[in-house]
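# Chains, contacts and geometry: an overview
Listed below, chain by chain, are the residues.
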Amino acid sequence: EPGMHISPVGLACAGILRHAPELADLLLRPVLLDVFARALGEGFELELGTGVVCDASRGFLFWHHHAGGIDEPDLRRKSYPHPSGVERIGCTLYTTPLDDAFGTLLVHPRRADSPTAPPFEPGRVPWPSAKEVRAPAGSVVLLDQGTWHAATPMRRAGHRYFFAFFVRRAGLG
């Protein structure tokens, strides 16, 4: 299928809304629209919607952020932008829980107008400053583009599913 590829996070389906347009209702919830409008301004744009499935074979997901766009590996290794505020938000719906069995999300808190350079080596080990996010299935997590995050591995058989939507300030490109 077009848009299907193996990525570091698992099997990803970019452009998921073409395959499952009913998922757009997730972005149309008034509370999310209000957050996006207040953070990004009116006229914000959907940059990418993707669905991901992975299993226990995907180990610790390396530390990364999405400053400058989705999957910008060269940017993460060569330069670290210093945005003046919120420009892009990642919105992830977890259909499986963030817990010991399915893995948790680790984040390194920062201000949206802080430099995006990593505070530690962005490898595959938890950082001492990491905050762990645990949440039930059906939870939505929002992260600014420069928030460094990682995921712990699954510790059970089966699959982890999530949908990620990236929304940006209008005209950011």
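What comes next concerns the included structure. (Residues numbered from 1 in each chain as written. Predicted model: local features only at pLDDT ≥ 70, side-chain atom pairs only at ≥ 80, totals over all residues. Heavy atoms only, no water.)

The next thing to look at is the overall build of the protein. When its secondary structure is counted, the protein shows four helices and ten strands. If you list the helices and strands of the protein from N to C, you get β-β-α-α-α-β-β-α-β-β-β-β-β-β. For 173 residues, the compact-globule formula gives about 16 Å, and the C-alpha radius of gyration of the protein, at 16 Å, lands near that figure. Looking at the protein as a whole, 46% of its 173 residues are labelled buried. Looking at the protein alone, contacts between residues at least 24 apart form 82% of all its contacts between residues at least 6 apart. (Helix = DSSP H or I, 4+ residues; strand = E, 2+ residues; numbered from the N terminus. Rg over C-alpha atoms; globule rule 2.2 N^0.38 Å. Buried < 20%, exposed > 50% of the residue type's maximum accessible area, 1.4 Å probe, protein only. Contact = heavy atoms within 4.5 Å.)

Moving on, we get to the pairing of strand β6 (residues 105-108). Burial along β6 is two-sided: the face carrying Leu105 and Val107 and the face carrying Leu106 and His108 are both buried. As judged from the three bridges shared by β6 and strand β7 (residues 131-133), these two strands associate in the antiparallel manner. Its bridge partner lying in β7, Leu105 is registered against Val133. (Pairing = 2+ DSSP bridges.)

Taken together, the buried positions of helix α3 (residues 30-40) are occupied by Leu32, Phe36, Ala37 and Leu40. Viewed end-on, α3 has its buried residues packed into an arc of 130 degrees, placing them on one side of the element. Residues Pro30, Val31 and Arg38 are exposed on α3 and point more than 90 degrees away from its buried face. The secondary structure elements touched by the buried residues of α3 are α2 (24-27), β5 (88-94), β8 (139-144) and β10 (159-168). Immediately downstream of α3, the backbone of Gly41 shows phi near 95 degrees, a positive value. (Arc of directions from axis to C-beta.)

Turning next to the sheet that holds strand β1 (residues 4-7). Read from one edge to the other, the open sheet built from six strands follows the order β1-β2-β3-β10-β5-β8, with strand pairing classed as antiparallel. What marks the edges here is a single partner per strand, and that holds for β1 and β8. Adjacent strand axes in the sheet meet at a mean angle of 25 degrees when their direction is disregarded. Across seven bridges, the pairing between β5 and β10 is antiparallel. Directly across from Ile89, in β10, lies its bridge partner Val167. Here α3 sits on the sheet in contact with β5, β8 and β10, set at roughly 160 degrees to β5. (Axes fitted to C-alpha atoms, helices over the stretch in contact; angles between N-to-C directions.)

Before going further, it helps to examine the nonpolar core. Residues Tyr94, Leu98, Leu105, Val141 and Phe162 are the most contacted members of the largest nonpolar core, which totals 16 residues. Secondary structure elements with two or more residues in this core: β4 (61-64), β6, β8 and β10. With three residues, the single largest contributor to this core is β10. Beyond its immediate chain neighbours, meaning those up to four positions away, Phe162 contacts Val9, Thr50, Gly51, Val52, Thr92, Leu93, Tyr94 and Thr95. One finds Cys13, Ile16, Phe36 and Phe165 within the second-largest nonpolar core, a separate group that totals 15 residues. (Core = buried A, V, L, I, M, F, W, Y, C linked by side-chain atoms within 4.5 Å.)

Take the environment of Val86 next. Residue position: Val86 is located in the loop between α4 (73-78) and β5. Spatially, the C-alpha atoms of Val86 and Asp113 are 7.2 Å apart, while their sequence positions differ by 27 residues. Residues contacting Val86, with those up to four places away along its chain left out, are Ala39, Leu40, Ala112, Asp144 and Arg169.

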